[in-house]
Amino acid sequence: MTAWDIESIRYRFPSLRRVGPDEQPVVWMDNAAGTQVVDTCLRAINDYLLDSNANHGVPNAPSIETDEMVAEVRRASADLLGASDPAEVSFGPNMTTIAFAISRAIGATLQAGDEIVVTRADHDANVAPWLAVAEAHQLEVRWVGLRADDATLDLEELERVVGPRTKLVAVGLVSTGTGTINPVPRIAKVAHAVGAQLFVDAVAAVPHVSIDVEALGADYLVCSPYKFYAPHLGLLWGRRELLEALPPFHVRPAGDAIPGRFETGTKPFELLAGLGGTIRYLEKIGITQGGAPGLPGQDDEFRRSRLQAAMAAIRRYEVRVGTALLERIMAVPGAHVVGITDPARASERCPTVAFTLDSHAPAEVSRFLGERGIYVRNGDHYAYELHRSLGLTDGGTVRASLGHYNTDEEVERLGSALDGLVGT
């Protein structure tokens, strides 16, 4: 197994060379809100705009190149998600916009009295759309709460709540608030046992773990490429038979064939080119760090293997540095971590740590760190129900979230800065 080459990884991200007030490189630890962008993504955007910038669907060279590029990025995205049919992948501006659009289409197929199950652990983009649909169609909303000891989903309550009237269960694969990995395959079995569909928010998961829509048991899955080193975009995967059965809300000339029926308006082609560049970068990690065969960008039988190897290598590194982050924050006097705190349960979480500090409001902590070039986030992180359930409504939490380019030295910089704050 090749050792993790952190310096080579960091070199690929130009923004990591930004310096703060003390002339040290800044520490990007707000990755759960959006990661930095890799150089292959930046070059792909630039190259597309310089040479192939055209709208699709007409018989001239740049338009044909645009169509070919979109088709290739769709195939690569399907490989990233473990989908066998690229036509099941649709592009949009972000996960939230996609969730509102697809929930509207699903809602149109439901009847008054049908039930939708949502959780207190989720990002509000996987809650609010379903609440709106329920109100519009007179549906019943059932809630799954949290365990008090570790803020994980109450799976016993899930099994009680899901019943014969349940038509859809919406759940996140990873909590944006705590970094907890939810047991989605188990939840899928509960949903499917009563004939319900499963809608999975994988936004907080794709940067950290390998995604396999079939193994998860998902019926729909959404994610946001800007959370995994790509531009501001959203991705929707859905089973073909389900997507084809939904009523589309789009302009009539777009037609009813998937995937176009859920891609409203002209796509941001330059950003899709950038997504292709990011996926090629991940493939390179799979080759150099995971020993996978082939070359980046090859549309071959091994691309899925390259991407799986990349995510396995990233996961190994992030489990280690993420555990170091958890332990370092817990060592700060007066720090209280929300979620799983046992380092032995590292396999159940991603490198996102939410915490509070005695006598220091989350906004104060975030500002203090930001002034020292350490970028974290404060608030509820759109995990609205989670913070309400845990009584964290007065400022929320501080959230430090890592990517695969963060280092042990950066973890220590964060910890030392927090020590300094509580010592003042």
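None of the values given here were measured: they were computed from a predicted structure.

What counts, and where the lines are drawn
- Residues numbered from 1 in each chain as written.
- Predicted model: local features only at pLDDT ≥ 70, side-chain atom pairs only at ≥ 80, totals over all residues.
- Heavy atoms only, no water.
- Buried < 20%, exposed > 50% of the residue type's maximum accessible area, 1.4 Å probe, protein only.
- Helix = DSSP H or I, 4+ residues; strand = E, 2+ residues; numbered from the N terminus.
- Pairing = 2+ DSSP bridges.
- Salt bridge = Lys/Arg side-chain N within 4 Å of Asp/Glu carboxyl O.
- Phe/Tyr/Trp six-rings, centres within 6.5 Å; stacked < 30°, edge-to-face > 60°.
- Lys NZ or Arg CZ within 6 Å of the ring centre and 35° of its normal.
- Axes fitted to C-alpha atoms, helices over the stretch in contact; angles between N-to-C directions.
- Contact = heavy atoms within 4.5 Å.
- Polar contact = N/O pair within 3.5 Å; in protein donor to acceptor, adjacent residues only side chain to side chain.
- Patch = residues over 30% accessible without salt bridge, like charges linked within 9 Å, V, L, I, M, F, W, Y side chains within 5 Å.
- Areas by Shrake-Rupley, 256 points an atom, 1.4 Å probe, with all protein chains shown as cover.
- Lys, Arg positive; Asp, Glu negative; His and termini not counted.
- Charge placed at Lys NZ, Arg CZ, Asp CG, Glu CD.
- Core = buried A, V, L, I, M, F, W, Y, C linked by side-chain atoms within 4.5 Å.

In this structure, what is going on with the pairing of strand β2 (residues 89–92)? I would like to understand it.
Successive side chains on a regular strand alternate, one facing one side of the sheet and the next facing the other. On β2, burial covers both faces: V89 and F91 on one face and S90 and G92 on the other are all buried. Pairing analysis gives four bridges linking β2 to strand β8 (residues 234–238), with the strands arranged antiparallel. Bridge pairing links F91 to L235 in β8.

Can you walk me through the pattern of salt bridges in this structure?
Following the criterion strictly, the structure yields 32 salt bridges and no others. Across the pair R10 and E410 runs a salt bridge, and its minimum N-O distance is 3.3 Å. On the criterion of sequence distance, the pair formed by R10 in helix α1 (residues 6–11) and E410 in helix α14 (residues 408–422) is long-range, its members being 400 residues apart. Residue class for E410 comes out buried when judged on its relative accessible area of 7%. For R75, the salt bridge goes to E72, with nearest N and O atoms at 3.1 Å.

Would you take a moment to explain the packing of aromatic side chains for this structure?
Counting across every chain of the model gives eight aromatic pairs. Taking 5.6 Å as the distance between ring centres and 85° as the angle between the ring planes, the aromatic pair formed by F13 and Y281 counts as edge-to-face. Residue F13 is found in the loop between α1 and β1 (27–28), and its partner Y281 is found in helix α10 (residues 269–288); the two are separated by 268 residues along the sequence. Three or more aromatic residues joined by ring pairs make a cluster, and in this case those are F13, Y229, Y281 and Y405. The ring of F249 has R104 sitting right over it, with the charged end atom 3.9 Å from the ring centre. The ring centre of W143 lies 3.8 Å from the NZ or CZ of R120, which sits over that ring.

Would you mind going over the environment of T96 with me for this structure?
Mapped onto the secondary structure, T96 falls in helix α4 (residues 95–107). Since its relative accessible area comes to 33%, T96 is described here as partly exposed. Placed 30 residues apart in sequence, T96 and N126 show a C-alpha to C-alpha distance of 7.8 Å.

Quick question: what am I supposed to make of the sheet that holds strand β3 (residues 115–119) here?
Strands in a sheet are paired, the pairing made by backbone hydrogen bonds, and the direction either parallel or antiparallel. Read across the open sheet, the seven strands follow the order β2-β8-β7-β6-β5-β3-β4; overall the sheet is mixed. The open sheet is flanked by β2 and β4 (140–144), the only strands paired with a single partner. When the angles between neighbouring strand axes are averaged without regard to direction, this sheet yields 20°. With three bridges joining them, β3 and strand β5 (residues 166–172) adopt parallel strand pairing. When the bridges of β5 are listed, E115 appears paired with T166. Contacts between α4 and the sheet are confined to β2, β5, β6 (197–201), β7 (220–223) and β8, with β8 contributing the most and set at about 35° to the helix.

What should I look at first to understand the sheet that holds strand β12 (residues 377–379) in this one?
Ordered by their spatial adjacency, four strands build an open sheet running β9-β10-β13-β12, and the pairing between neighbours is antiparallel. The open sheet is flanked by β9 (335–338) and β12, the only strands paired with a single partner. Going from strand to strand, the sheet's axes swing by 35° on average, the running direction of each strand aside. Against the sheet, helix α12 (residues 362–370) makes contact with β10 (352–357), β12 and β13 (397–401), and its axis sits at roughly 165° relative to β12, the strand it touches most.

Got a minute to help me understand the side chain of T152 in this structure?
Examined against the element boundaries, T152 turns out to sit in the loop between β4 and α6 (155–161). Accessibility expressed as a relative area gives 10% for T152, which makes it buried. Side-chain polar atoms of T152 contact the side chain of D150, separated by 2.6 Å.

Sorry, what's going on with a negative patch on the surface here?
Judged by side-chain charge, D47, D51, E65, D67 and E68 come together as a negatively charged surface patch. Mapped onto the negative patch, the elements with two or more residues apiece are α2 (39–51) and α3 (61–81). The dominant element in the negative patch, judged by the number of residues it contributes, is α3, at three residues. Accessibility expressed as a relative area gives 46% for D47, which makes it partly exposed.

How do you make sense of the nonpolar core when you look at a structure like this?
One recurring pattern in soluble globular proteins is that nonpolar side chains are buried together. Judged by nonpolar contacts, the single largest core of 102 residues is most densely connected at I211, I329 and L414. Among the elements that line this core, the one with the most residues is helix α11 (residues 303–330), at ten residues. Apart from residues no more than four positions distant in its own chain, I329 is found in contact with A335, V337, V353, F355, A400, L414 and L418. In terms of nonpolar packing, the next biggest core, distinct from the first, is built from 27 residues, I102, V118, V222 and L243 among them.

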